[in-house]
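Coordinates in review
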Amino acid sequence: MSCDFQLSVDAWNRLVYTDALGEQHVGVEALHAFPFSDPERWIALVDEASQELELIEDLNALPENERELIRRELARREFVPAIQRITRIDRLASSSEWDVETDRGPTRLTVKSEEDVRRLPGRKALVIDAQGIRHLIADTRQLDGTSRRLLEHYL
């Protein structure tokens, strides 16, 4: 099996796409296209500006290295802990440290910028940490008062 691109991971654990001409794109994400019921088919690789670099019809047609890196990236992207409570946010010069309680237990995460906290439809919010892990707040109205007050600065 072969393909006209290569995938690798850099020192910061970011996915790197190298096209047939040797141009590299760092921070590539793998996204499932429809249907979700067929997770091994129709997977897009997009750059940091969400521009499509590649549309993969069948993951199993790729070499083992590329197939496993894409599966790893999909698993990382689809891991979405639910924030249930925000206990503390320390604002630093260019980032912030958040202490939160999630459905998987308490954790501390670093948020690189205010742009990494997004309001979503249906009173949801998304917090993306410095590792690229997405944390979902399913309903901001369900947070306690302290959590809502801390979050409001970012929304």
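Predicted model only: the values in this text are computed from it and were never measured.

A closer look at the pairing of strand β1 (residues 6–9)
Pairing of β1 with strand β2 (residues 15–18), which is carried by 4 bridges, proceeds in the antiparallel orientation. When the bridges of β2 are listed, L7 appears paired with Y17. In this antiparallel pair of consecutive strands, β1 and β2, the connection spans 5 residues, and N13 shows a positive phi of 65°.

Thoughts on the sheet that holds strand β7 (residues 83–91)
Strand pairing in a sheet takes place through backbone hydrogen bonds and is either antiparallel or parallel in direction. Taken in spatial order, the 3 strands line up as β7-β8-β9 in an open sheet, and their pairing is antiparallel. With one partner strand each, in any of the chains shown, β7 and β9 (105–111) form the two edges of the open sheet. Neighbour to neighbour, the strand axes of the sheet diverge by 20° on average, direction disregarded. Contacting β7 and β8 (96–102), helix α2 (residues 145–152) runs over the sheet at an angle of about 50° to β7.

Quick look at the environment of E66
When you line up the elements, E66 lands in helix α1 (residues 64–78). Classification of E66 as buried rests on a relative accessible area of 7%. In this structure the C-alpha to C-alpha distance between E66 and E152, which are 86 residues apart in sequence, comes to 40 Å. For E66, the residues in contact, after removing those within four places along its chain, are C3, F5, Q6 and L7.

Here we look at the sheet that holds strand β11 (residues 124–128)
Pairing is antiparallel across the open sheet formed by 3 strands, whose spatial order is β10-β11-β12. With one partner strand each, in any of the chains shown, β10 (117–120) and β12 (134–137) form the two edges of the open sheet. Across the sheet, the axes of successive neighbouring strands diverge by a mean angle of 20°, strand direction being ignored. The pairing of β11 with β12 spans 4 bridges and is antiparallel. Bridge assignment links A125 to a residue of β12, and that residue is I137.

Things to note about unusual backbone geometry
Not every positive phi belongs to a glycine, and N13 is a case in point at roughly 65°. Positionally, N13 belongs in the loop between β1 and β2.

Things to note about the layout of surface pockets
One way to see where empty space is left: roll a probe the size of a water molecule over the atoms. As a volume, the largest pocket reaches approximately 720 Å³. Every residue lining the largest pocket is counted, 25 residues in all, and those nearest its centre are G27, E29, E48, R76 and G132. Looking at the lining of the largest pocket, the elements with two or more residues in it are β4 (29–32), α1 and β11. By residue class, the composition of the lining of the largest pocket is 8 nonpolar, 5 polar and 12 charged.

Definitions and cut-offs
Residues numbered from 1 in each chain as written. Predicted model: local features only at pLDDT ≥ 70, side-chain atom pairs only at ≥ 80, totals over all residues. Heavy atoms only, no water. Pairing = 2+ DSSP bridges. Helix = DSSP H or I, 4+ residues; strand = E, 2+ residues; numbered from the N terminus. Axes fitted to C-alpha atoms, helices over the stretch in contact; angles between N-to-C directions. Contact = heavy atoms within 4.5 Å. Buried < 20%, exposed > 50% of the residue type's maximum accessible area, 1.4 Å probe, protein only. 1 Å grid on protein atoms, 1.4 Å probe; cavity = no way out; pocket = protein on both sides within 12 Å on 5 of 7 lines; lining within 4 Å. Points joined across faces, edges and corners; volume = space filled by probe spheres on them. Nonpolar A, V, L, I, M, F, W, Y, C, P; charged D, E, K, R; others polar.

As far as function goes, none of this settles anything; it's purely spatial.
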